[in-house]
Amino acid sequence: MTQAEKTYDAIILGGGPAGLQAALTLGRIHRSVLLVDSRDYRNAPAEHLHNLIGSDGMPPAELRAAARRDLAGYATVELADGTVSGIRGEAGAFEVAFPDGCTERGRAVVLATGVRDELPDVPGLAEQWGRKVAHCPFCHGHEFAGKRIGILAPDAARLAHLTGLLRPISDDLVAVENLVRVDDAGDGLRLTLADSSTLDVDGLFAASTVRQAALLDTLELERSASGGVIVDPFGRTSIPGIYAAGDTAHLRELPGAMQSIANAIATGAVAGASVAADALAHP
């Protein structure tokens, strides 16, 4: 980053579906936008994305590349790779700081920083994450239709929830306890348990712990119990001029974020439109 003289209408933090859509929404009405992309994506391990009309089965990188090609057609939208170390200021006059000491100015900030998954500490599990090990039946369940599916859950409630969602997909569901190792077994997985016995499954669903970006801890934003940023239906956070979208944003009325690419795109569009609407109300 270089020290900038201009002030952007919005600085968007995050280059996943939420941030890319927010940038497109603002670019369509020729608002000046800087999108800062860390290139660290939650769904990077996944070979394909699902549950998104028109793109079901597409590799996630292809969706991002297509979105970037779209944004290239808008002269007011700039993209930059990097991370942000801090945000200060107020609505109409934010200053976003970067690790190299440089800053950029924006009238509004959109947090589309996403989340990361912390997995159970089981050797071999992370290597299969997004392929033969998944956490979302909406995203990956259909691919295991009629097959043997293991379920690794931290508690009875999570086990019941995953079992209920997966039951129409397969009637061969196995609760997995005391898992100590996961190995690739060709078309499936071999799970080693604490008593040294093994269990062969075609796929495994495992609940992850979701962590928000560390940047959020530097801001005095209202947060949900799970750490997400509380937003109103228009993507506004508790700090005027700062908006949130995607997996970062939690509506107060819901128990947590609706974590999906479709929802990320939708909330990105809403946040972008809200930036523009609020700018009209408070020029």
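Below is a short write-up of the structure.

So, how was this worked out
- Residues numbered from 1 in each chain as written.
- Predicted model: local features only at pLDDT ≥ 70, side-chain atom pairs only at ≥ 80, totals over all residues.
- Heavy atoms only, no water.
- Helix = DSSP H or I, 4+ residues; strand = E, 2+ residues; numbered from the N terminus.
- Buried < 20%, exposed > 50% of the residue type's maximum accessible area, 1.4 Å probe, protein only.
- Contact = heavy atoms within 4.5 Å.
- Pairing = 2+ DSSP bridges.
- Axes fitted to C-alpha atoms, helices over the stretch in contact; angles between N-to-C directions.
- Left-handed = near helix turned anticlockwise from the far one by under 90°.
- Nonpolar A, V, L, I, M, F, W, Y, C, P; charged D, E, K, R; others polar.
- Polar contact = N/O pair within 3.5 Å; in protein donor to acceptor, adjacent residues only side chain to side chain.
- Phe/Tyr/Trp six-rings, centres within 6.5 Å; stacked < 30°, edge-to-face > 60°.
- Lys NZ or Arg CZ within 6 Å of the ring centre and 35° of its normal.
- Right-handed = clockwise from strand over helix to strand, strands pointing away.

1. Some thoughts on the side chain of D278
Mapped onto the fold, D278 is located in helix 6 (residues 261-281). By relative accessible area, D278 is classed as buried at 17%. The contacts of D278, once residues within four sequence positions are left out, are R236 and Y243.

2. A short note on the sheet that holds strand 11 (residues 149-152)
Sheet architecture is open: four strands sit in the order 10-16-11-12, paired in parallel fashion. Every interior strand has two partners, whereas the edge strands, strand 10 (133-134) and strand 12 (173-175), have only one. As paired elements, strand 11 and strand 12 share three bridges and run parallel to each other. By the bridge assignment for strand 12, I151 is matched with A175. With respect to the sheet, helix 5 (residues 156-166) is in contact with strand 11, strand 12 and strand 16 (203-206), its orientation differing from that of strand 11 by roughly 155°.

3. With respect to unusual backbone geometry
Glycine aside, negative phi is the norm for most residues, and most peptide bonds take the trans geometry. Of note, R39 is a non-glycine position whose phi angle comes to about 65°, a positive value. For R39, a relative accessible area of 44% puts it in the partly exposed group.

4. So, the packing of helix 1 (residues 17-27) against helix 6
Between helix 1 and helix 6, the least distance of the axes is 7 Å, while the angle of their chain directions is 35°. In the packing of helix 1 onto helix 6, the handedness of the crossing is right-handed. On the side of helix 1, the interface is formed by P17, A18, Q21, A22, T25 and L26, while helix 6 contributes I261, A264, I265, G268, A269, G272, A273, V275 and A276. Taken together, the residues that form the contact of helix 1 with helix 6 break down as 11 nonpolar, four polar and no charged.

5. Thoughts on the sheet that holds strand 14 (residues 188-193)
The strand order across the open sheet formed by three strands is 13-14-15, and the pairing between neighbours is antiparallel. The open sheet has two edge strands, strand 13 (179-185) and strand 15 (198-201), and neither has a second partner. The average undirected angle you get between the axes of adjacent strands in this sheet is 25°. Here six bridges tie strand 13 to strand 14, and the two strands are oriented antiparallel to one another. Bridge pairing in strand 14 links A185 to G188.

6. Examining the environment of S260
Relative to the assigned elements, S260 resides in the loop between strand 20 (249-251) and helix 6. What makes S260 partly exposed here is its relative accessible area of 23%. Sequence separation of S260 and L159 is 101 residues, and the distance between their C-alpha atoms is 20 Å. Only 3.0 Å separates the side chain of S260 from the backbone nitrogen of N263, close enough to count as a polar contact.

7. Notes on the packing of aromatic side chains
Inspection of the entire model under this criterion finds one aromatic pair. Measuring from ring centre to ring centre gives 6.0 Å for F144 and F205, while their planes differ by 80°; the resulting arrangement is edge-to-face. Pair noted here: F144 is in the loop between helix 4 (137-140) and strand 11 and F205 is in strand 16, with a separation of 61 residues, a long-range link. The positively charged end of R64 is found above the aromatic ring belonging to Y41, 3.7 Å away from the centroid.

8. Description of the pairing of strand 3 (residues 33-37)
Regular strands place their side chains on alternate faces of the sheet. With five of five residues buried, strand 3 lies mostly within the body of the structure. Neither face of strand 3 is exposed, since V33, L35 and D37 on one face and L34 and V36 on the opposite face are all buried. Here strand 2 (residues 10-13) pairs with strand 3 via four bridges, running parallel. By the bridge assignment, I11 is partnered in strand 3 with L34. At this point the chain moves from strand 2, through helix 1, to the parallel strand 3, and the crossover so formed is right-handed. Sheet topology note: the strand 3/strand 4 (residues 77-81) ladder contains five bridges and is parallel. Residue pairing for strand 4: D37 is matched across the bridge by D81. Traced from strand 3 through helix 2 (residues 60-71) to strand 4, the parallel crossover comes out right-handed.

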